[in-house]
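Take a look at the letters that make up each chain.
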Amino acid sequence: MSAVICGTGSYAPEYIMDNDRIAELVETNDDWIRERTGIRRRHIAKTETTTFMAVEAAKGAVENAGISPEEIDLIITATLSSDVILPCTACEVQKEIGAKNAAAFDINAACSGFVIACNMAEAFFAAGQYRTALIVAAESLSRLTDWSDRNTCILFGDGAGAAVLKNAPGKHFLSVTHSDGEKGWTLTCKSRPAADAEKSLREHFIDMNGQEIFKFAVRKVPELVKEVLQKNAVDQEEIAWYIMHQANSRILEAVAKRLGEPAMKFPMNLQHYGNTSSASIPLLLDEMNRTGRFSKGEKILMAGFGAGLTWSGSILAWGI
Ligand code: COA
């Protein structure tokens, strides 16, 4: 049995902030941001909460899959920016969509979160425990962004995406996840209050060593892709699409080049959304789905990478 994607949904906040607006806040400009990152604009949640966006994306995915909420037996929400510590966002989603038979919990694996959540669902499928999973990823990164730090505020955006996975006949794919806590310092955000109030305020925001993260991604993601392919005895030519975490166009172009794959197999929408962490992959899946770019049975290789450090990849089949 294998996990197939049979429905997707997404939500992007109404307010759109372009690069010119950021240039009013910090010393930067549209050309610099586009050239170094590929990003032109991002959606910012002015009124929407993380939970609201998660629920909207979840509703879209359930409707697109054509299932009733009662059929869902597992909901995993990936987020690093939940509105509250308790209850978890996944339980809020469960309540709002009426998925009363589902087990629901959150995971925080930063930008790898959606892929790792899918991998967990697939492992539950393989164990025979669940058959239908709703994987949601939702982020309000704008609330964790220091809008006076040009190293980071140009990169991030808000949004949510979701996918319904079903256990279907077919080959079961094994996933690969790696972590390197030694490099955790390269991308941090300490949201809990520290004894020193002033320090606490500063540490509330995302702090990043951009060059270290860049090098890590360009080196580790191609290795990850090869490991996933090898572990599953799948040839590179069998992969129809590489759906990668949307961090930076230069990272994705470098990964494609290292793998010897054409850029068209690495679709991107980061120019419109920025880096939405865990939400970036399902936002792209939904856009590709709604514009009819996937065909039934196509193999999709997903890869997430980011804080932790964590990086994770897996193959899923398109099932609609
Ligand atoms: N606008 C204009 N100039 C900027 C700038 C900005 N927003 N940010 C930095 N600069 C300046 C620097 O001060 C530096 O100037 P200097 O040469 O006079 O010292 C110069 O631009 C180059 O800075 P550098 O940090 O070397 O730029 P870079 O090419 O590494 O690009 C990032 C910076 C952040 C775009 C890039 O490192 C990156 O994308 N890293 C990965 C980040 C990421 O994806 N994080 C999330 C992972 S999940």
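Since the structure is predicted, the reported quantities are computational estimates derived from the model, not experimental observations.

Draft legend 1. Structural detail: the overall build of the protein chain. Looking only at helices and strands, the protein chain features 10 helices and 13 strands. Along the first, second and third principal axes, the C-alpha set of the protein chain runs to 55 × 45 × 35 Å. Per-residue burial over the protein chain gives 56% buried out of 320 residues. Within the protein chain, contacts between residues separated by at least 24 positions form 76% of all contacts whose residues are at least 6 apart in sequence. For the protein chain, the accessible surface area stands at approximately 13,600 Å², while carbon and sulfur atoms represent 50% of it. With 33 positive and 40 negative side-chain charges, the protein chain shows a separation of 4 Å between the mean positions of the two kinds.

Draft legend 2. Expanded view of the environment of Leu-141. Structurally, Leu-141 can be placed in the loop between β6 (132–140) and β7 (158–168). For Leu-141, a relative accessible area of 1% puts it in the buried group. Here Leu-141 is in contact with Leu-80, Ser-81, Phe-156, Gly-157, Asp-158, Asn-275, Thr-276 and Ser-277, once residues within four sequence places are set aside.

Draft legend 3. Here's a closer look at the packing of aromatic side chains. Counted according to the given criterion, the structure contains 6 aromatic pairs. Plain terms: the ring middles of Tyr-11 and Phe-52 are 5.3 Å apart, the flat faces sit at 90 degrees to each other, and that makes the pair edge-to-face. Note that Tyr-11 is positioned in strand β1 (residues 2–11) and Phe-52 in helix α3 (residues 50–65), a separation of 41 residues in sequence. With a centroid separation of 4.3 Å and 35 degrees between ring planes, the pair formed by Phe-294 and Trp-318 is classed as tilted. Taken together, the residues span a long stretch of sequence, with Phe-294 in the loop between α10 (280–290) and β12 (299–306) and Trp-318 in strand β13 (residues 310–318) at a distance of 24 residues. Since its relative accessible area comes to 3%, Trp-318 is described here as buried. Taken together, the aromatic side chains of Trp-241, Phe-294 and Trp-318 make up a single cluster linked through ring pairs.

Draft legend 4. Quick peek at the site of the ligand. Around the ligand, a shell composed of 22 residues is seen, among which Thr-28, Arg-36, Arg-150, Gln-211 and Asn-248 lie nearest. Contact distances for the ligand include 2.7 Å between an oxygen atom and a side-chain N or O atom of Arg-36. One of the side-chain nitrogen or oxygen atoms of Asn-248 is found 2.7 Å away from an oxygen atom of the ligand.

Draft legend 5. Layout of the packing of α3 against helix α4 (residues 89–97). Between α3 and α4, the least distance of the axes is 9 Å, while the angle of their chain directions is 55 degrees. Relative to α4, the element α3 is oriented oblique. Handedness of the α3/α4 crossing: right-handed. Taking contact as the criterion, the partners of Thr-51, Ala-54, Val-55, Ala-58, Lys-59 and Val-62 in α3 are, on α4, Thr-89, Glu-92, Val-93, Glu-96 and Ile-97. Looking at side-chain class alone, the contact of α3 with α4 contains 6 nonpolar, 2 polar and 3 charged residues.

Draft legend 6. A look at the side chain of Ser-314. Residue position: Ser-314 is located in strand β13. Here Ser-314 falls in the buried class, since its relative accessible area comes to 1%. A polar contact of 2.9 Å, which involves the side chain of Ser-314, links it to the side chain of Asn-119. Look past the residues within four positions of Ser-314 in its chain and what remains in contact with it is Val-115, Asn-119, Ser-175, Val-228, Ile-300, Leu-301 and Met-302.

Draft legend 7. Geometry of unusual backbone geometry. Of the consecutive residues Leu-86 and Pro-87, the connecting peptide bond is found in the cis state with omega at -5 degrees. For Pro-87, the position within the fold is in the loop between β4 (74–78) and α4. Following Gly-308, the chain continues into Leu-309 via a peptide bond in cis, with omega recorded as -10 degrees. Inspection of the secondary structure puts Leu-309 in the loop between β12 and β13.

So, how was this worked out
- Residues numbered from 1 in each chain as written.
- Predicted model: local features only at pLDDT ≥ 70, side-chain atom pairs only at ≥ 80, totals over all residues.
- Heavy atoms only, no water.
- Helix = DSSP H or I, 4+ residues; strand = E, 2+ residues; numbered from the N terminus.
- Buried < 20%, exposed > 50% of the residue type's maximum accessible area, 1.4 Å probe, protein only.
- Contact = heavy atoms within 4.5 Å.
- Areas by Shrake-Rupley, 256 points an atom, 1.4 Å probe, with all protein chains shown as cover.
- Lys, Arg positive; Asp, Glu negative; His and termini not counted.
- Charge placed at Lys NZ, Arg CZ, Asp CG, Glu CD.
- Phe/Tyr/Trp six-rings, centres within 6.5 Å; stacked < 30°, edge-to-face > 60°.
- Near = heavy atom within 4 Å.
- Polar contact = N/O pair within 3.5 Å; in protein donor to acceptor, adjacent residues only side chain to side chain.
- Axes fitted to C-alpha atoms, helices over the stretch in contact; angles between N-to-C directions.
- Parallel < 35°, antiparallel > 145°, perpendicular 65-115°, else oblique.
- Left-handed = near helix turned anticlockwise from the far one by under 90°.
- Nonpolar A, V, L, I, M, F, W, Y, C, P; charged D, E, K, R; others polar.

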